[in-house]
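Below are the chains, spelled out letter by letter.
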Amino acid sequence: MIGIEGCLSEVMSIPGALDAILVEPISGMAILGKGVPDPVRSAAGLTETFRAALEGVAMASPEGTVRIDDMIITTETSYHLIRPIEMAVQGTLLICLRMDLERSNLALARRRLCTITDQLTDQLTAQSTAQSTAQ
Amino acid sequence: MAPPTLDAVLTGLARDNATGSVRVGKEGTVYLTRGRVSYAESATTPGIEELLTASGRITATGVRGVRQASGPEADGGDLLVNKGVLSRGELEFSALGATLDASFFLLRSGAPRCRFKDGDTHWLGAHWFFDIPGLFRECERRTEQLERTWPSAELDDRPVVPVERLGGGHVLLTAHQWELLVAADSTATPVDLARRLGRPAYATLLAVRELAAAGLLAVQAEVDAPALPKRKAAGPARDTPARPRPPQADPTDVNLLIRLRDALEAL
């Protein structure tokens, strides 16, 4: 099991990671960032991005509502990965990671984010948590 | 002399690297750990106890049990994690959320009398730390965000009353806005609803302003409207709360239709 700071360190240890920030998307607040020059500005922008995607994709879906597992945005130089996490008590937390386009592996990064999410919300069995912490 | 504001008190305590609690009049309490804010609670916002209960992870009795079992070293949070109620990350996230929510309302509350109690701790313990300038900045950002969303505090303290009919044929809501509209009973204010739903009061206030900006809430002028106009001599019954609007037709449209009909008949 990891805490919020541990979560950010794990995210930054993903190969190719350039910077990362944890955002509370309801108020648009930056909780913790690493390598992000202006966390407040980044948090506002990423909250908007996430919300626009939710609304746009909901409109384009036959059900009219969606749950996003993760978002991948590819730019000329980098990947932006945004992953919402359902937290038990206070709603959603967004993990936002920017990775170098050349030096990163998208599939690997997505899997790692999945594992980190499970560690943060304690979805793993005690044994596998112990293993991943030992790594 | 006016009592020092909460800002000034907290700034002073941060300089002294103080650990303890600041009781803010009857409004709430801010807890400091070595000059940083580790928890805050306010009479306006749901505290960690209410948030935990509302999440369904633990009952109110369960929370009371943990609170009583927590020792002088304030290990209530650790007990919750060890019992498997929530993860370490979730504990930190909810503690920081509740602290910001309470701070936002405490810092707006003017200048109540502040009393510092050295060494006092909250039963939950310290799980997240805000330096004082950072906390002030975030509260300021939140104030600006509210203003940007809908620049009027008119609906902040009034009962939330959704409009009976949409202006358009379609509306898109966030999950929080939906919960709010479903829970709105025309008597509960945003703060009441936050408590009822176990949601942060700030998030609820923001959702109310978003709904107001989208024209989904009746503003006060409309809520008051049935009471204000004088009763006409032989007016229609006014005791029904639902006020279906009369169809609004533009007379020029009717004229156009008559001309069209005449023209068609002349063919």
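Use the structure listed above.
What this report covers is the structure whose coordinates are included nearby. Because the structure is predicted, anything quoted here is derived from the model rather than measured.

## Here's the deal with the packing of aromatic side chains
Residues and elements named next belong to chain B. Scanning all chains against the criterion turns up three aromatic pairs over all chains. Ring geometry for Phe104 against Phe105: centres 5.2 Å apart, planes inclined by 90 degrees, an arrangement best described as edge-to-face. Residue Phe104 is classed as buried on the basis of its relative accessible area, which comes to 1%. Pairing Phe104 with Tyr202 gives two aromatic rings, centres 5.1 Å apart and planes at 70 degrees, and the pair type is edge-to-face. On the criterion of sequence distance, the pair formed by Phe104 in helix α5 (residues 88–107) and Tyr202 in helix α9 (residues 201–213) is long-range, its members being 98 residues apart. The structure contains a cluster of three or more aromatic residues connected by ring pairs, namely Phe104, Phe105 and Tyr202.

## So, the pairing of strand β3 (residues 36–42) of chain B
Counting buried positions along β3(B) yields five of seven residues, so the element is predominantly enclosed. A loop of two residues connects strand β2 (residues 28–33) of chain B with β3(B), the two strands running antiparallel in sequence, and Arg34(B) in this loop sits at a positive phi of about 45 degrees.

## Overview of the pattern of salt bridges
Residue and element names in this part refer to chain B. For the structure shown, the criterion picks out 16 salt bridges over all chains. Two residues, Glu90 and Arg57, come together in a salt bridge whose shortest N-O distance is 3.9 Å. Note that Glu90 is positioned in helix α5 and Arg57 in the loop between α2 (48–55) and α3 (60–69), a separation of 33 residues in sequence. Judged by its relative accessible area of 41%, Arg57 is partly exposed. Arg141 serves as the salt-bridge partner of Glu138, at 2.9 Å between the closest nitrogen and oxygen.

The rules behind the values
- Residues numbered from 1 in each chain as written.
- Chains lettered and ligands numbered in written order.
- Predicted model: local features only at pLDDT ≥ 70, side-chain atom pairs only at ≥ 80, totals over all residues.
- Heavy atoms only, no water.
- Phe/Tyr/Trp six-rings, centres within 6.5 Å; stacked < 30°, edge-to-face > 60°.
- Buried < 20%, exposed > 50% of the residue type's maximum accessible area, 1.4 Å probe, protein only.
- Helix = DSSP H or I, 4+ residues; strand = E, 2+ residues; numbered from the N terminus.
- Pairing = 2+ DSSP bridges.
- Salt bridge = Lys/Arg side-chain N within 4 Å of Asp/Glu carboxyl O.

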